[in-house]
Amino acid sequence: YAADEWKLTESTRLDAGLRHQRTRQRGYALGRTTQDLGNPQTLADDNVGGPSGTIDNRSEYIRGTAWTLGANHDFSNQFGTFARFTSSFRTPTLSDIYLGTTQPPVVVARVKEAEIGTKHRYRNFFIFATAFWNRFNPLVDSTLAPDASGNVVSTDFTAETETVGVELEGSW
């Protein structure tokens, strides 16, 4: 990881950062099954989930590089602007191994983000207004849900997401 900030003038700053990550994950996932615990007096034990006794060994190698570039300019003590662009990534987590949600090929989601905003500072209050955009391509995640037989399984999903918005922050 490396980052730095440069003061170009009294009122203008530029910053940049770079990060490279390599991760090797090893572990195992326990197979899951459902069973009837055998009490005929209740339905509550007819489909109880738990480990099946099977083990699925897992191994993943993941890498990614992220960078960011930002600028800030203060027109006065009361008013300033800023902007930032970031190219980043989202890797699977270690829990993906023991929940059994990932196996080769491992997908590293590319994340792009941009923001631009203004800062207004006064004696008794301040307000920041920021317009932002981000995209995950692809967004890979999972959820635990029952399958057709009632077994709780990890279900993977993949999507491309894009968000545009405005954020307001203030205090008085």
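Please read these numbers as outputs of a predicted model, since none were measured by experiment. (Residues numbered from 1 in each chain as written. Predicted model: local features only at pLDDT ≥ 70, side-chain atom pairs only at ≥ 80, totals over all residues. Heavy atoms only, no water.)

## Considerations on the overall build of the chain
The number of helices and strands found in the chain is one helix and seven strands. When the helices and strands of the chain are read in sequence order from the N terminus, they spell out β-β-β-β-α-β-β-β. In terms of C-alpha radius of gyration, the chain reaches 24 Å, well past the compact-globule figure of 16 Å for 172 residues. C-alpha atoms of the chain, sized along the principal axes, occupy 75 × 35 × 25 Å. In the chain, buried positions account for 24% of the 172 residues. Sequence-distant contacts in the chain: of pairs separated by 6 or more residues, those separated by 24 or more amount to 58%. (Helix = DSSP H or I, 4+ residues; strand = E, 2+ residues; numbered from the N terminus. Rg over C-alpha atoms; globule rule 2.2 N^0.38 Å. Buried < 20%, exposed > 50% of the residue type's maximum accessible area, 1.4 Å probe, protein only. Contact = heavy atoms within 4.5 Å.)

## Here's the deal with the environment of Val-108
In this structure, Val-108 sits in the loop between α1 (95-99) and β5 (109-121). Between the alpha carbons of Val-108 and Gly-64 there is a distance of 7.6 Å; along the sequence they are 44 residues apart. Those residues in contact with Val-108 that sit more than four places away from it in its chain are Ile-62, Arg-63, Phe-89, Arg-90 and Thr-91.

## With respect to the confidence of the model for the chain
Averaged over every residue, the pLDDT of the chain is 88; the share at 70 or more is 92%. Strand β1 (residues 2-7) holds the highest mean pLDDT among the elements of the chain, 97, whereas α1 holds the lowest, 62. (pLDDT = per-residue confidence, 0-100.)

## With respect to unusual backbone geometry
In this structure, Pro-138 follows Asn-137 across a cis peptide bond, with omega equal to -10 degrees. Among the structural elements, Pro-138 can be located in strand β6 (residues 126-146).

## Examining the sheet that holds strand β7 (residues 152-171)
By way of backbone hydrogen bonds, the strands of a sheet pair with one another, either parallel or antiparallel. Strands sit in the order β1-β2-β3-β4-β5-β6-β7 across an open sheet of seven strands; the sheet is antiparallel. Each end of this open sheet is capped by a strand with a single partner; those strands are β1 and β7. Strand-to-strand twist in this sheet, taken as the mean axis angle between neighbours without regard to direction, amounts to 20 degrees. (Pairing = 2+ DSSP bridges. Axes fitted to C-alpha atoms, helices over the stretch in contact; angles between N-to-C directions.)

## Side note on a nonpolar patch on the surface
A surface patch of nonpolar side chains, about 760 Å² in accessible area, is lined by Tyr-122, Phe-125, Ile-127, Val-166, Leu-168 and Trp-172. For Trp-172, the location among the structural elements is in the segment after β7. Here Trp-172 falls in the exposed class, since its relative accessible area comes to 86%. (Patch = residues over 30% accessible without salt bridge, like charges linked within 9 Å, V, L, I, M, F, W, Y side chains within 5 Å. Areas by Shrake-Rupley, 256 points an atom, 1.4 Å probe, with all protein chains shown as cover. Salt bridge = Lys/Arg side-chain N within 4 Å of Asp/Glu carboxyl O.)

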